[in-house]
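If you want the building blocks of each chain, they are given just below.
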Amino acid sequence: MFSYDTQQLPMILSLDLGGRPVEWIPWQDAVCLYVRDQVAWTAGESSFVIHGGFNELLRQQSEISINSIIAIRGARPRVEYSHIPSLNNRELFRRDRHTCLYCGQQFATSELTRDHVVPAALGGHDSWENVVTACKPCNQNKGCRSPEMAAMPLLALPYAPSRIEYLILANRRILADQMAFLEAQAPRRDRRF
Ligand SMILES: [Zn+2]
């Protein structure tokens, strides 16, 4: 119905009626929600005009404006707000800003690994609180030892991201207004880098 192939539009941040972030949705889904009149209110400073087909009856091209942040009637998060998001390398590397937490250097994704702070062989779990981003040489150097055993102190403590933080980590192209909205609700972390 609507087409907008000249530009790659950013993801739209959907909220529940109380203003709690729910998930990122593609603009096509946002258009459907507008058409079905399910957008209760909007909170973003940016909006995008999507042009549709030519309407013979009205003799004009149809268009619809979608906001960067929309509150949706009946929106429910797929998981509980307290739920810890599942661990994967993409979000792990983004949590640690592509920085090796042993040597402090930034690397491309292909040069990074998931390091278990307490190695699995020593009873460490594969969980957000026990994994950090490490470059390949540091990971190899540390081997099957704890940071203390290897004399390789961590530059920052690993943590499990909250739902809000995970939303921030999961989208590479967050708009400034969407980031401001999410950061206002995210827990404060004191990290040195
Ligand atoms: Zn390193």
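Here goes a summary of the coordinates provided.

### So, the overall build of the protein
Inference 1: When its secondary structure is counted, the protein shows 6 helices and 8 strands.
Inference 2: The linear arrangement of helices and strands in the protein, starting from the amino end, is β-β-α-β-β-β-β-α-β-β-α-α-α-α.
Inference 3: Relative to the compact-globule value of 16 Å for 193 residues, the protein shows a C-alpha radius of gyration of 21 Å, a clear excess of over 25%.
Inference 4: Dimensions of the protein, computed from C-alpha atoms along their principal axes, come out at roughly 75 × 35 × 25 Å.
Inference 5: Looking at the protein residue by residue over its 193 residues, the buried ones come to 22%.

### Notes on the sheet that holds strand S2 (residues 21–25)
Strand pairing in a sheet takes place through backbone hydrogen bonds and is either antiparallel or parallel in direction.
Inference 1: Taking strand neighbours across the sheet as the criterion, the 4 strands line up as S2-S1-S6-S3 in an open arrangement whose pairing is mixed. Edge positions in the open sheet fall to S2 and strand S3 (39–42), since each of these has one partner strand only. In this sheet, adjacent strand axes meet at a mean angle of 30 degrees when their direction is disregarded.
Inference 2: Note: strand S1 (residues 12–15) against S2, 4 bridges, orientation antiparallel. Counterpart to Ser 14 in the pairing with S2 is Glu 23.
Inference 3: Across the sheet, helix H1 (residues 27–35) is in contact with S1, S2, S3 and strand S6 (69–72); its angle to S6 comes to roughly 50 degrees.

### Comments concerning the pairing of strand S4 (residues 47–55)
Inference 1: Relative to strand S5 (residues 60–67), S4 runs antiparallel, the two being bridged by 7 bridges. Its bridge partner being in S5, Phe 54 is matched across the sheet by Gln 61.
Inference 2: Hairpin remark: S4 followed by S5, antiparallel, with 4 residues in the connecting loop; positive phi at Arg 59, about 55 degrees.

### Focus on the nonpolar core
Inference 1: Counting residues in each nonpolar core, the largest one holds 13 residues, and the members touching the most others are Ile 12, Leu 13, Leu 15, Ile 69, Ile 70 and Ile 72.
Inference 2: Contributions of two or more residues to this core are made by S1 and S6.
Inference 3: Looking at this core, the element that brings in the most residues is S6, giving 4 residues.
Inference 4: Membership of the second largest hydrophobic core comes to 10 residues, among which are Cys 100, Leu 101, Tyr 102 and Val 132.

### Side note on the environment of Asp 177
Inference 1: Following the sequence through the fold, Asp 177 ends up in helix H6 (residues 176–183).
Inference 2: Expressed as a C-alpha distance, the spacing of Asp 177 and Glu 45, which sit 132 residues apart in the sequence, is 6.2 Å.
Inference 3: If near-sequence neighbours (up to four positions away) are discounted, Asp 177 is found in contact with Gly 44, Glu 45, Ser 46, Ser 68 and Ile 69.

### Some thoughts on unusual backbone geometry
Inference 1: For Asp 37, which is not glycine, the phi torsion reads 60 degrees and is therefore positive.
Inference 2: Checked against the element boundaries, Asp 37 lands in the loop between H1 and S3.
Inference 3: Looking at Asp 37, the number of C-beta atoms within 10 Å reads 8, which means it is exposed.
Inference 4: The phi dihedral of Ala 151 is positive, around 55 degrees, even though this residue is not glycine.
Inference 5: With respect to the helices and strands, the residue Ala 151 is situated in the loop between helix H4 (147–150) and helix H5 (163–170).
Inference 6: Note on Ala 151: 8 C-beta atoms within 10 Å, which makes it exposed.

What counts, and where the lines are drawn
- Every chain is numbered independently, its residues counted from 1 as its sequence is written.
- Selection of residues for local features in this predicted model requires a pLDDT of at least 70, selection of side-chain atom pairs for listing and counting requires 80 or more, and totals for whole chains, interfaces and linings are taken over all residues.
- Each helix is a run of H or I in the DSSP string that is no shorter than four residues. Each strand is a run of E no shorter than two, and both are numbered from the N terminus.
- Note on method: radius of gyration uses C-alpha positions; expected globular size equals 2.2 Å times residues raised to 0.38.
- Once C-beta atoms are placed from the backbone, each residue is buried if 20 or more other C-beta atoms lie within 10 Å of its own, exposed if 12 or fewer, and partly exposed for counts between those two.
- Here, any two strands with at least 2 DSSP bridges between them count as paired.
- Throughout, an axis means a line fitted to C-alpha atoms (over the contacting stretch in the case of helices), and angles, computed between N-to-C directions, take values from 0 to 180 degrees.
- This entry defines residue contacts through backbone-placed C-beta atoms, with two residues in contact when those atoms are within 7 Å.
- In this description, a nonpolar core means buried residues of the types Ala, Val, Leu, Ile, Met, Phe, Trp, Tyr and Cys, linked to one another by C-beta atoms lying within 7 Å.

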